[in-house]
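# Coordinate analysis (summary)
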Amino acid sequence: MFSIGDFARHGRVSVRMLRHYDALGLLRPARVDPATGYRSYTAGQLARLNRIVALKDLGFTLDQVATLLADEVTVEQVRGMLALRRAELEAALAEGAARLAQVEARLRTIEADGRPPAHDVVVKELPGMRVVELTGVAAGFAPEAIGPVVHPLCAELGRRLPQADVTPAGRLTCYYEQRAEDEVVVHAALPASVGSGDLNGLTVADLPPTRAATLVHRGAIDGVLPSWQAVVRWISDHGGRSAGPQREVYLDCPEDPAGWVTELQEPIG
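Residues numbered from 1 in each chain as written. Predicted model: local features only at pLDDT ≥ 70, side-chain atom pairs only at ≥ 80, totals over all residues. Heavy atoms only, no water.

For the protein chain, an unreviewed UniProt entry supplies the name MerR family transcriptional regulator and the organism Amycolatopsis plumensis.

## Some remarks on helix α1 (residues 4–11)
Of all the positions in α1, only I4, F7, A8 and G11 are classed as buried. In an axial view of α1, the angular spread of the buried residues amounts to 100 degrees, which keeps them on one side of the axis. Those residues of α1 that are buried are in contact with β1 (2–3), α2 (15–24), β3 (39–41) and α3 (46–57). Just downstream of α1, R12 is the residue with a positive phi angle, here 60 degrees. (Buried < 20%, exposed > 50% of the residue type's maximum accessible area, 1.4 Å probe, protein only. Helix = DSSP H or I, 4+ residues; strand = E, 2+ residues; numbered from the N terminus. Arc of directions from axis to C-beta. Contact = heavy atoms within 4.5 Å.)

## What to know about the pairing of strand β8 (residues 183–194)
It is a general feature of regular strands that their side chains alternate between the two faces of the sheet. Counting buried positions along β8 gives 9 out of 12 residues, so the element sits mostly inside the fold. The sheet contact formed by strand β5 (residues 129–138) and β8 spans 8 bridges and is antiparallel. The residue of β8 that forms the bridge with T135 is H187. For strand β6 (residues 166–168) and β8, the ladder comprises 3 bridges, and the chain directions are antiparallel. Its bridge partner being in β8, P168 is matched across the sheet by A192. Note: strand β7 (residues 173–180) against β8, 7 bridges, orientation antiparallel. Each bridged residue has a counterpart across the sheet, and for E177 the counterpart in β8 is V185. In this structure, the hairpin formed by β7 and β8 is closed by a connection of 2 residues. (Pairing = 2+ DSSP bridges.)

Pasting the structure below:
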């Protein structure tokens, strides 16, 4: 038998919490001394305590925990629920990391006032090119709207290419068209020579020749905002105007996103 203090220590909970579980009927002591009121527990009760804590960590209320325990939830079911909760927490961590990257990008934009050295922006004449592509729709240009659309599109484009009658002729390019106030058509495209066979669901598009202000962005694409705003400011400072969908050409994409190299292209008129 364990005193309530020892049992709390072995179960990694507080004495106060054990008393609370007792009051709710979730975990009764194995013995209560009639003279002193001291609570004692057995080692076998650690299993029930572990289930209570695990279910609570999954987000269940204590009333729901009581119901689940009354229904004799199996170890396998608890393990499955814990695995699901772990996946949810991992997704939340990834979302938090993405939000942190966006905040840091916004801070860098504020600190630099979005103005790069003049020589960083290069005006180029871009030739017309034929691409094969997949498209999707995002609810605006915010990173949290674009990211969940463009990433799966690029992955799906890569999966379909080997079975399509096309010969790649350039780098992966994403471009964005604003269709309505809060609706952006996202294009994941690849310059290619197109054969007469099956395209495996890919669409052919012809991008017109254009003159563009370009800037090479180095680092994760989640931090691209300062670079894009730098391009736009440069265009404004030089009396130009945007004249077409923005393009991102992925020149180098190593496993570590910090090593990515992306050319930003803003058509100008």
